[in-house]
Amino acid sequence: MKKLLAVVAAVAAFSAHAETLTVAATPVPHAEILNFVKPQLAKEGVELKVKEFTDYIQPNVQVSEKRLDANFFQHQPYLDEFNKAKGTHLVSVAGVHIEPLGVYSTKVKKLDELPSGAAVVIPNDATNGGRALLLLDKAGVIKLKDNTNILSTIKDIAENPKNLKFRELEAATIPRVLTQVDAALINTNYALEAKLNPEKDALAIEGKDSPYVNILVTREDNKDADAVKKLVQALHSPEVKQFITEKYKGAVVPAF
């Protein structure tokens, strides 16, 4: 009886001290990585709740409004642009992985096979749109006025020898129109959701030295919270590095 009471007391004590950390994430690979570290965090008294989103706006809005504790879906250039545009003060607390942006097509096998006037879709947010154009510049499809400007827009195209017709769509929707256009630039998380294999299917893809590291983001008043620190430690563990390497096979690359 005494042992039973001791167990009950221990469970009650754990429950009383357990912290809940609610993190927004896009489904692949972010939510998968977070779910992988859940058991480790539970051992450390942190109940990790993962709330999945398929857009790039609400995760930041809800963290800023204190409806969520943190999010995991974006890179620093996107966060900087969001903070500037929305007047928020969200901060990065850890870099976790890189998802190389790729060019995909169901119409051609090589970029130089794109016909004159080909329809090309790129993300409509400032940072990923610029990132897409930089990749096309590097691949020799277009030339930008400044190929170091990560916020380049369609207006910054200096040379477009194939007279490509660009359309801008929300990143999450681009895989749905892939068969309707000649080429589409797709973020790896959405490519994976659409069952595309970045290593095999991409006509061009960012190198592993890409500066677009995906980061864990929270508010300034929450960045030093114990539960957040424990999550950062878990995300930077050798086990997570192995998980990313083995599961995504180069489509997602550890950045720590």
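Each value, and the rule that gives it
- Residues numbered from 1 in each chain as written.
- Predicted model: local features only at pLDDT ≥ 70, side-chain atom pairs only at ≥ 80, totals over all residues.
- Heavy atoms only, no water.
- UniProt positions renumbered as here; feature names shortened; annotations may be inferred.
- Pairing = 2+ DSSP bridges.
- Helix = DSSP H or I, 4+ residues; strand = E, 2+ residues; numbered from the N terminus.
- Contact = heavy atoms within 4.5 Å.
- Axes fitted to C-alpha atoms, helices over the stretch in contact; angles between N-to-C directions.
- Expected span 1.5 Å × (residues − 1).
- Bend = angle between axes of the 7 residues up to and from the residue.
- Buried < 20%, exposed > 50% of the residue type's maximum accessible area, 1.4 Å probe, protein only.
- Lys, Arg positive; Asp, Glu negative; His and termini not counted.
- Salt bridge = Lys/Arg side-chain N within 4 Å of Asp/Glu carboxyl O.

- Looking at an unreviewed UniProt entry, the protein chain carries the name ABC transporter substrate-binding protein, with the source organism given as Pseudomonas soli.
- According to the UniProt record, the Sequence similarities (unreviewed entry) comment for the protein chain is "Belongs to the NlpA lipoprotein family."
- In its Subcellular location (unreviewed entry) section, UniProt records this for the protein chain: "Membrane".

1. Some points on the sheet that holds strand S6 (residues 119–123)
Thinking step 1. One open sheet accounts for five strands, arranged S9-S6-S10-S5-S11; its pairing is mixed. Edge positions in the sheet fall to strand S9 (165–169) and strand S11 (204–205), since each of these pairs with one other strand and no more.
Thinking step 2. Here five bridges tie S6 to S9, and the two strands are oriented parallel to one another. The partner of Val121 across the bridge, within S9, is Arg167.
Thinking step 3. Contacts from helix H5 (residues 126–138) reach strand S5 (102–104), S6, S9, strand S10 (183–186) and S11, with the element oriented near 135° to S6.

2. Some remarks on helix H2 (residues 27–43)
Thinking step 1. The end-to-end C-alpha separation of H2 is 24 Å, in line with the 24 Å expected for 17 residues at 1.5 Å each.
Thinking step 2. Of all bends in H2, the biggest is about 35°, found at Val37, and the proline Pro39 comes one to four residues later.
Thinking step 3. Restricting attention to buried positions, one finds in H2 the residues Pro27, Val28, Pro29, His30, Ala31, Ile33, Leu34, Val37 and Leu41.
Thinking step 4. One or two residues past the end of H2 sits Gly45, with phi positive at roughly 85°.

3. Observations regarding the side chain of Gln62
Thinking step 1. Relative to the elements of secondary structure, Gln62 occurs in helix H3 (residues 58–64).
Thinking step 2. Residue class for Gln62 comes out buried when judged on its relative accessible area of 8%.
Thinking step 3. Apart from the residues lying within four places of it in its own chain, the contact partners of Gln62 are Lys51, Phe53, Arg67 and Leu68.

4. Observations concerning unusual backbone geometry
Thinking step 1. Look at the link from Val28 to Pro29: it is a cis peptide, with omega at -5°.
Thinking step 2. Within the secondary structure, Pro29 sits in helix H2.

5. Looking at the side chain of Asp156
Thinking step 1. Structurally, Asp156 is set in the loop between strand S7 (143–144) and strand S8 (157–159).
Thinking step 2. Despite its burial, Asp156 remains without a salt bridge, the nearest opposite charge being carried by Lys145 at 4.3 Å.

6. Concerning the sheet that holds strand S3 (residues 70–75)
Thinking step 1. Overall, mixed pairing links the six strands, which are arranged S2-S1-S3-S12-S4-S13 in an open sheet. Where the open sheet ends on each side, the last strands, each with one partner, are strand S2 (46–52) and strand S13 (253–254).
Thinking step 2. Judged from the seven bridges that link them, strand S1 (residues 19–25) and S2 form a sheet pairing that is parallel. Bridging across to S2, Thr20 finds its partner in Glu47.
Thinking step 3. Its contacts with the sheet place helix H4 (residues 76–86) against S3, strand S4 (90–98) and strand S12 (213–219), and it is angled at close to 110° to S3.

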